[in-house]
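# Chain and residue survey
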Amino acid sequence: MNRARGSRWWAWGVPLGLFVLALVPRLLGRLPLNNTDELLWIHRTVNFWTALSQGDWAGTLQSLHPGVVPPWGFGAMLLARYDLAQLQAWNVADDRVVLEMARTMALFPVLLTSLTVSVGYCWLRRVAGRWVALFAGIMLALEPLYLTHSSFLHLDATLASLMFLAALAWLVYLLDGGERRFLALSGVLTGLAIMTKIPAVYLLPFALLAAGVTYLVRVGALWGSSSWREIGRLAAAYGVLLILCGVTIFLVWPVLWVDAPGVLASVVERTGSHVDLSQSIPIYLMGEIVPDPGMLYYGIVLVFRLRPLTLVCASLAVLLLPFFWRRLPATKRAAWTLGIAYPLFYFIQMSLGGQKLGRYLLPMFPALDVLAAVALVAGTSRLARARTRRVVLVVLSILIIVLSLPWLRLAPYYSTYYNPLAGGAAGANRLITVGGGEGLDVAAEYLNEKPEAQDLLVASFYFPVLDYYFQGSAQRPNVRSWAGLPVTADYVVITNAQRQRNIYTATLNFFGTRLPEETVRINGFEYAWVYSVPRRVLSAPPPIQYPSDANFEGRVRLLGH
């Protein structure tokens, strides 16, 4: 009876507990808007569902990422609360209710990532054991960067979740009995991942690699009496995966129903341009502005963005594999090896592209959490005695949660957590871009307390985001400017990321020598500064450096420059 009760606990209680563990901090961390891309996805989602409602299949082409799955999910959340006609009116009017729309839309990645933790545990225990699955689930539920993007209106959390589940379902099919439902799930999830963002195409060669490793595990040699039978079985399975992936792609993107060749050609062209071209806004790396920071940039991002436990233990998992190799059954060897290969080759793929952002590495994080869990369980099994091993593992699972408190207390600003072992935000600030739109909501709250705040004009690089929090108006610093300075604005809000990347140089140079009226600090680091615009100083013409006395046909006289 006790054994049956324990089995039910592992089958139902643990997945439910992990879901709650993942869900609660995500609900607490729903910061409505953080960057300008999120505004794009609000408009794209409303336009996508408007096209669907009108049977305008061509109108469902809102992005070439392809970026299809998030609008389905975002829109489902919105339509559960609002009428489509009302959404269309708000979308056109750019109404401030958009902030509440954003909070509603964020429920999609919140629920998806929470389910990924729970479902990932159920599938992972079949190929790695229940303790590895439990530790991986706890770590993934609370991994800072994954937690951060779980409430963003963007593609990366959805991409990471779908890729992880697609790869895991494929491994379960290959290494644990060959159940067809996991083959079907892997094909569908792969299609959904590719329809989220094109880097998910990585799943197709990885699936081939996993099939090759499985072949070696099954046959034990390159050639043998049963080799061709096994090759045929794996080839058929891979063919089914490709077919289901293709069918899924076709079904979820209605524009393909009217112009599949043209749309797919555009997606391929856009992908090629992203590989060849560098960022439109150069990246800050080690004190310099560079167009393409290379592989080093992503290495630094991983060091600062992974929680210390994940960083250390995932690295140990690579080192421990040779020591445990002989003690492991063939399927566990294959699973461990592929667990290392998945993040490694994805890191290489993303490093080859000209466009790089830290969030592009997010699909690596679930796999790195699994590797960290493998190292923890392997180390515990080696050091703890058999009688005390279960107690040690339970204590360790609680300790993992306790060690997450340093960033859980930052809700909803999980993005401001940087690995303290590497120097935290201050250390990261010397090497990579720190911040984006963090702190703009706090700056807006400060400005909203000003007398007649609704009549004030504020200049900011992230003005579209600031505008939704601020009661007055916001614009770029160089709009209606004098020599690049916002002479018509009442206040200027400068962010740390803007300063690092030297965006709007004239504004930065002018206000950099002045004391800010307000400084926005989160987790001890300065993310934004609010400056009052000295109208009299800026309205006066600048002094003449080079005098001149040129007369242009009696119409214009040049005094100097």
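For clarity, every value in this text was computed on a predicted model and none was experimentally measured.

### Looking at empty space enclosed by the protein
Taken as a whole and assessed by the stated rule, the structure comprises three cavities of 30 Å³ or more. Empty space within the largest cavity amounts to approximately 80 Å³. If you go around the largest cavity, the residues you meet are G29, L31, N34, T148, S151, F152, P412, Y413, Y414, S415 and E438. Considered class by class, the residues forming the lining of the largest cavity number five nonpolar, five polar and one charged.

### What about a nonpolar patch on the surface?
Together, W57, I243, V247, F250, L251, W257 and V258 make up a nonpolar patch on the protein surface, roughly 660 Å² of accessible area in all. Secondary structure elements with two or more residues in the nonpolar patch: α12 (227-252) and α13 (256-276). A per-element tally of the nonpolar patch places α12 first, with four residues. Inspection of the secondary structure puts L251 in helix α12. The exposure class of L251 is exposed, given its relative accessible area of 52%.

### Brief notes about the pairing of strand β8 (residues 547-552)
Of all six residues in β8, zero are buried; the element is thus mostly exposed. In this structure, β8 lies alongside strand β9 (residues 556-560), joined through four bridges in antiparallel fashion. Counted as the bridge partner of A550 is L558 from β9. Connecting β8 to the next strand, β9, in antiparallel fashion are three residues, including E553 with a positive phi near 55°.

### Here we look at the sheet that holds strand β4 (residues 473-475)
Spatial ordering of the open sheet is given by β4-β3-β5-β7-β6, a layout of five strands whose pairing is mixed. Whereas interior strands pair on both sides, the edge strands pair on one side only; in this sheet they are β4 and β6 (518-522). Across the sheet, the axes of successive neighbouring strands diverge by a mean angle of 25°, strand direction being ignored. One ladder, built from five bridges, connects strand β5 (residues 491-495) with strand β7 (residues 525-532); its direction is antiparallel. Across the sheet, the residue bridging to I494 is W529, located in β7. Strand contacts of helix α21 (residues 440-448): β3 (457-460), β5, β6 and β7, with the helix running at about 160° to β5, the strand carrying the most contacts. Together, β5 and β7 form the strand contacts of helix α24 (residues 505-512), whose direction differs from that of β5 by roughly 100°.

Reading the values: rules and limits
Residues numbered from 1 in each chain as written. Predicted model: local features only at pLDDT ≥ 70, side-chain atom pairs only at ≥ 80, totals over all residues. Heavy atoms only, no water. 1 Å grid on protein atoms, 1.4 Å probe; cavity = no way out; pocket = protein on both sides within 12 Å on 5 of 7 lines; lining within 4 Å. Points joined across faces, edges and corners; volume = space filled by probe spheres on them. Nonpolar A, V, L, I, M, F, W, Y, C, P; charged D, E, K, R; others polar. Patch = residues over 30% accessible without salt bridge, like charges linked within 9 Å, V, L, I, M, F, W, Y side chains within 5 Å. Areas by Shrake-Rupley, 256 points an atom, 1.4 Å probe, with all protein chains shown as cover. Salt bridge = Lys/Arg side-chain N within 4 Å of Asp/Glu carboxyl O. Helix = DSSP H or I, 4+ residues; strand = E, 2+ residues; numbered from the N terminus. Buried < 20%, exposed > 50% of the residue type's maximum accessible area, 1.4 Å probe, protein only. Pairing = 2+ DSSP bridges. Axes fitted to C-alpha atoms, helices over the stretch in contact; angles between N-to-C directions. Contact = heavy atoms within 4.5 Å.

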